[in-house]
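Here's the letter readout for the chains.
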Amino acid sequence: MSGGTITSDFAMLTAQLLEILRAHEGMRVFSPRNEAGEVTEHILLPKASLKLLDAAEEYQKTGDFKKVVSTVEKMDDYDMMISGRVLQEILVQAGLAEAHHRLRTFKNSVSSEVQGVTNTEDSSVVSFIGTFEKLVQKGIKPADIREAIIQQKIELVLTAHPTEAQRRSALKKHEQMLQQMKVHDAKDQLTPGQLAGLYDKIKAIQWSCWRTNTVRRTRPTPEGEARNGMLVIEETVWKAVPEHYRRLDRCLTRIGASPLPFDASILKMSSWMGGDRDGNPNVTWEVTKKVVTLLRWRVVELYYREVDELLYELSMDGEVNEEMRAEVEAVSSMWTASAPGSKVCKPDARSGVHWNFHTGVAEDEPYRRLLMAIRRRCWRTKVSMEALYMGKQNDPDFEKEVLTSSEELARPLEIMYRSLIEQGDEIVANGRLLDLIRRVRTFGISMACLDVRQESDRHSEVMDTLTSFLGLGKFTEWTEQERCDWLVKEIESKRPLLAPDMPMSDIVKEILDTYKIIAELPSEALGAYVISMSRATSDILTVCLLQKVGGVKKMMRVAPLFETREDLINAPKVIDAALGVQWYKDHVQGKQEVMLGYSDSVKDAGKFASTWELHRAMENLLEVGKKHGVQITFFHGRGGSIGRGGGPPNFILQAQPAGSLQNGHLRLTIQGETIGRHFPSDEVAERTLEQYSTAVLEHTLAPPPLPKPEF
């Protein structure tokens, strides 16, 4: 096995940490001035804290705990606080050693599989190679494995974690430490000077962590949570996605199958940060609008950078295919005509300041000409999003070029790809250009689609206000059949329902304003509308009607969330009744999303009863789907702990009923407290994506056996 062990890594990190701390024993620092202008002097590392470490080391050797107790008893409050911080940093080193070792173990296992040495079932080392070979051994054809992967739709939904205490600054330093540990694995190949320099870098990061307040001093805002989530996606998943596809291509080739199509789209990122208003009054329509705008602004900046790099790579001149020729001709009108023989696509005063190719490109470089048009659209979209975020008026000319769908960006890139392939430039086409195409298909126009979540009782409050104003009585006092009949009638009606002079509470106004914002935002930037505490078909139809009232042209799909044991038992009846409404069945076009709550059902019924009811609910919902000819996609609200539905992906997904991952479709939450574990670095992010993809693949092609009738 290459590299070290988890024990040696932890010993190395702890030794470096204690060395740098001891070097600063007794160092005095001053706190920031308080409101009175006073400062307080502190000893950064009291001697008592170091004595406690010495006592702990002695305890490890002798087993005598009395010295530890004696040392602690002599400490004052400040000594105790600093000693706790020291122990906390030691535990952080243990966590870093474990995270690094998991990745190292996986890499070594994959190397062994390539050499035909082992094929393990261990959840920590399940890989594409091992999974593919296992499926082939079961008689599944390589072509069928490839087709199953193409059909996959894996969507990971990041949620906020308001109790997350660690700051992004600390997490960023931990990422840097993991990078240094990769270098340390090859320490035998380093010169003495290089090794000393490596240890200095490690100690510098550790000291920076020590001198940084690691605990949030203020509660993050919904927008702040969204920014943190966006940073995680950008710094890890953005880098991991191209490599994820490349590993799939290599492993498919290994078993004799063709690589994935260039336009395959099997991954998607979504988020609840800035859209989840269930129980959080701070998430308003303004927050949702700003978060979506931020997500659009940031992702188009990343696209801009990639296009800028492609301008250097795709410098080919000469022939292109007819499709490419027509596309270049179509975008020529975007630029002022140039004199014969001079450069074309010259950025003008309204095209922004660009570091590269600011004077245009040669006329006989067709790929660069098309990339210049794409770059301008990216820049104008970015400027437009900045204006929208700041509440400023946007330039009407810029508005015309704003990217509102991923197809607008993917289409010209894929045209270039096909032309390069036809002209024999496969090696270039399958480089950065293919990576960008796959990123566009994954991240779309907003980095992550934003779900909207609201509690069903809030919708009922809006409906009570509306029906009372119309003189129809309280909506909540009607029977379920009366509610459904009236809702369908109003949905199908062409007349407006909402009177401009209708009196309403602040809460009702906020909910209605949310639907108006949904109508303004690009539909592709939004995901599902999740209804918490769904109990009846009318809960689903109410959201459809409110979307119509808000002016939504392309409605968000509605995902009822069933959380308690009783709700899980009733879920099949609710969905059966909803699909029995002809308008709604036509509206969903053969696809219905259902969210299942794990945490609340465990609180309500206990772990075993919750697991059983979740399993039965999925089986019964699948039967309802078959009855109506509708594909049921389950959205799993899993948390990090076992009690919240967490666990190794291959185990938790294999435990689901056969057929519950229809066509390889999986949607599940990555809860805020587990984001750091799933995506601490780009390499671990690759591993996370691989775990979910292999688990879905196995469940699709080799589903678990159904329970025996007697069970």
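Here the structure is a predicted model, which is why all the values come from computation and not from measurement.

Trainee: I keep staring at the overall build of the protein chain and nothing clicks. Help me out?
Mentor: Helix and strand counts for the protein chain come out as 26 helices and 10 strands. By the compact-globule yardstick of 27 Å for 711 residues, the protein chain fits well, its C-alpha radius of gyration being 29 Å. Oriented by its inertia axes, the alpha-carbon framework of the protein chain measures out at about 80 × 75 × 70 Å. Within the span of the protein chain, comprising 711 residues, buried residues form 53% of the whole. Here the protein chain carries 91 positive and 101 negative side-chain charges, and the mean point of each set is 2 Å from the other.

Trainee: Help me understand the packing of aromatic side chains in this model?
Mentor: If you walk through the whole model with that rule in mind, you get 13 aromatic pairs. On the numbers, 6.1 Å between centres and 85 degrees between planes, the contact of Trp272 with Phe635 is edge-to-face. Placement of Trp272 in the loop between β4 (267-271) and α10 (285-313) and of Phe635 in strand β9 (residues 631-637) is noted, with a sequence separation of 363 residues between them. Comparing Trp272 with Phe635 shows no difference in burial state: the two are buried. An angle of 10 degrees between the planes, with centres 5.5 Å apart, marks the rings of Tyr515 and Tyr529 as stacked. Here Tyr515, found in helix α18 (residues 506-520), pairs with Tyr529, found in strand β6 (residues 526-532); they are 14 residues apart in sequence, far enough to count as distant.

Trainee: Just checking my understanding: could you explain unusual backbone geometry for this structure?
Mentor: Both trends apply: most residues other than glycine have a negative phi, and most peptide bonds are in trans. The phi dihedral of Gln589 is positive, around 50 degrees, even though this residue is not glycine. Positionally, Gln589 belongs in the loop between α21 (582-588) and β8 (591-597). Positive phi, close to 60 degrees, is recorded for Asn663, a residue that is not glycine. Relative accessible area serves as the criterion here: at 43%, Asn663 is assigned to the partly exposed category.

Trainee: Honestly, helix α11 (residues 322-331) in this entry has me stumped. Any pointers?
Mentor: Count 3.6 residues to each turn of an α-helix, and residues three or four apart come out pointing the same way. Of all the positions in α11, only Met324, Glu327, Val328 and Val331 are classed as buried. Seen end-on, α11 carries its buried residues on one side only, within an arc spanning 100 degrees. Exposed side of α11, more than 90 degrees from the buried face: Glu322, Glu329 and Ala330 are the residues found there. Here the buried face of α11 lies against α12 (366-390) and α14 (406-422).

Trainee: I'm lost on the pattern of salt bridges in this one. Help?
Mentor: Side-chain pairing between opposite charges can occur once the charged atoms of the two side chains come close. Summed over the entire model, instances satisfying the criterion amount to 52 salt bridges. Here Arg102 ties to Glu98 by a salt bridge, and the two come within 3.7 Å at their closest N and O atoms. Here the residue Arg102 and the residue Glu98 both occupy positions in helix α4 (residues 77-114), the gap between them amounting to four residues, near one helical turn. Among the residues examined, Glu98 registers a relative accessible area of 41% and is labelled partly exposed. One salt bridge in this structure joins Glu683 and Lys182, with 3.1 Å as the shortest N-O distance. Placement of Glu683 in helix α26 (residues 682-701) and of Lys182 in helix α7 (residues 168-185) is noted, with a sequence separation of 501 residues between them. Since its relative accessible area comes to 15%, Glu683 is described here as buried. Since its relative accessible area comes to 34%, Lys182 is described here as partly exposed.

Trainee: When you look at the side chain of Arg376 in this model, what are you seeing that I'm missing?
Mentor: Looking at where Arg376 falls in the secondary structure, it is placed in helix α12. For Arg376, the contacting residues outside a window of four places in its chain are Met334, Trp335, Ser351 and Glu401.

Trainee: What is the right way to read the sheet that holds strand β10 (residues 665-670) from this model?
Mentor: Remark on secondary structure: sheet strands pair via backbone hydrogen bonds, oriented parallel or antiparallel. Read around the barrel, eight strands follow the order β3-β4-β5-β6-β7-β8-β9-β10 and close on themselves; strand pairing throughout is parallel. Ignoring which end each strand starts from, the neighbouring axes of this sheet average 25 degrees apart. For strand β3 (residues 153-158) and β10, the ladder comprises six bridges, and the chain directions are parallel. Paired with Leu156 across the two strands is Leu668, which belongs to β10. The sheet strands contacting α26 are β3, β4 and β10, and the helix crosses β3 at an angle near 135 degrees.

Trainee: Explain a nonpolar patch on the surface here, please?
Mentor: Taken together, the side chains of Tyr59, Phe65 and Val69 define a hydrophobic patch exposed on the protein surface, amounting to about 260 Å² of accessible area. Counting through the fold element by element, Tyr59 comes out in helix α2 (residues 47-62).

Trainee: Just to check I follow, could you spell out the packing of helix α5 (residues 128-137) against α26 for this structure?
Mentor: For any two helices packed against each other, the geometry is given by the interaxial angle and the distance between the axes. Remark: α5 packs on α26, axes separated minimally by 10 Å, with the N-to-C direction vectors making an angle of 10 degrees. The angle between the axes of α5 and α26 places the two elements in the roughly parallel class. Along its contact with α5, which presents Phe128, Thr131, Phe132, Lys134 and Leu135, the element α26 presents Glu690, Ser693, Thr694, Leu697, Glu698 and Leu701. For the contact of α5 with α26, a count of residues per class yields five nonpolar, three polar and three charged.

Trainee: What is the right way to read the pairing of β6 from this model?
Mentor: Where burial is concerned, most of β6 is hidden: seven out of the seven residues are buried. In this structure, strand β5 (residues 449-455) lies alongside β6, joined through five bridges in parallel fashion. Each residue of the ladder has a partner; that of Arg453, found in β6, is Val530. Of the crossover connections in this fold, the one passing from β6 over helix α19 (residues 537-549) to the parallel strand β7 (residues 557-562) is right-handed.

Trainee: Is there a simple way to think about the nonpolar core in this case?
Mentor: Generally speaking, soluble globular proteins have nonpolar side chains that are buried together. Formed by 155 residues in total, the largest nonpolar core has its most connected members in Phe132, Met416, Phe443 and Tyr584. For this core, the element with the most residues is α10, which contributes 13 residues. For Met416, the residues in contact, after removing those within four places along its chain, are Leu314, Met324, Tyr367, Leu370, Leu371, Ile374 and Leu433.

Trainee: What am I meant to see in the confidence of the model for the protein chain here?
Mentor: Predicted coordinates in areas of low pLDDT are best not read in detail. Taken as a whole, the protein chain shows an average pLDDT of 88; of its residues, 91% reach a score of 70 or greater. Overall, residues 117-121 carries pLDDT values under 50, and its contacts beyond four positions in sequence, including any with other chains, amount to 13 contacts.

Trainee: I keep staring at the environment of Gly130 and nothing clicks. Help me out?
Mentor: Following the sequence through the fold, Gly130 ends up in helix α5. For the pair formed by Gly130 and Cys251, sequence separation is 121 residues and the distance between their alpha carbons is 9.5 Å.

Trainee: Any chance you could explain the pairing of β8 here in plain terms?
Mentor: Across a regular strand the side chains alternate sides, sitting on one face of the sheet and then on the other. β8 sits mainly inside the fold: six of its seven residues count as buried. Sheet topology note: the β7/β8 ladder contains two bridges and is parallel. Counterpart to Leu561 in the pairing with β8 is Met595. Sheet topology note: the β8/β9 ladder contains seven bridges and is parallel. Pairing of Met595 across the sheet is with Phe635, part of β9.

Trainee: In this structure, what is going on with the environment of Asp457? I would like to understand it.
Mentor: Within the fold, Asp457 resides in helix α16 (residues 456-469). Sequence separation between Asp457 and Asn282 is 175 residues, and the spatial gap between their C-alpha atoms is 18 Å.

Parameters at a glance
Residues numbered from 1 in each chain as written. Predicted model: local features only at pLDDT ≥ 70, side-chain atom pairs only at ≥ 80, totals over all residues. Heavy atoms only, no water. Helix = DSSP H or I, 4+ residues; strand = E, 2+ residues; numbered from the N terminus. Rg over C-alpha atoms; globule rule 2.2 N^0.38 Å. Buried < 20%, exposed > 50% of the residue type's maximum accessible area, 1.4 Å probe, protein only. Lys, Arg positive; Asp, Glu negative; His and termini not counted. Charge placed at Lys NZ, Arg CZ, Asp CG, Glu CD. Phe/Tyr/Trp six-rings, centres within 6.5 Å; stacked < 30°, edge-to-face > 60°. Arc of directions from axis to C-beta. Contact = heavy atoms within 4.5 Å. Salt bridge = Lys/Arg side-chain N within 4 Å of Asp/Glu carboxyl O. Pairing = 2+ DSSP bridges. Axes fitted to C-alpha atoms, helices over the stretch in contact; angles between N-to-C directions. Patch = residues over 30% accessible without salt bridge, like charges linked within 9 Å, V, L, I, M, F, W, Y side chains within 5 Å. Areas by Shrake-Rupley, 256 points an atom, 1.4 Å probe, with all protein chains shown as cover. Parallel < 35°, antiparallel > 145°, perpendicular 65-115°, else oblique. Nonpolar A, V, L, I, M, F, W, Y, C, P; charged D, E, K, R; others polar. Right-handed = clockwise from strand over helix to strand, strands pointing away. Core = buried A, V, L, I, M, F, W, Y, C linked by side-chain atoms within 4.5 Å. pLDDT = per-residue confidence, 0-100.

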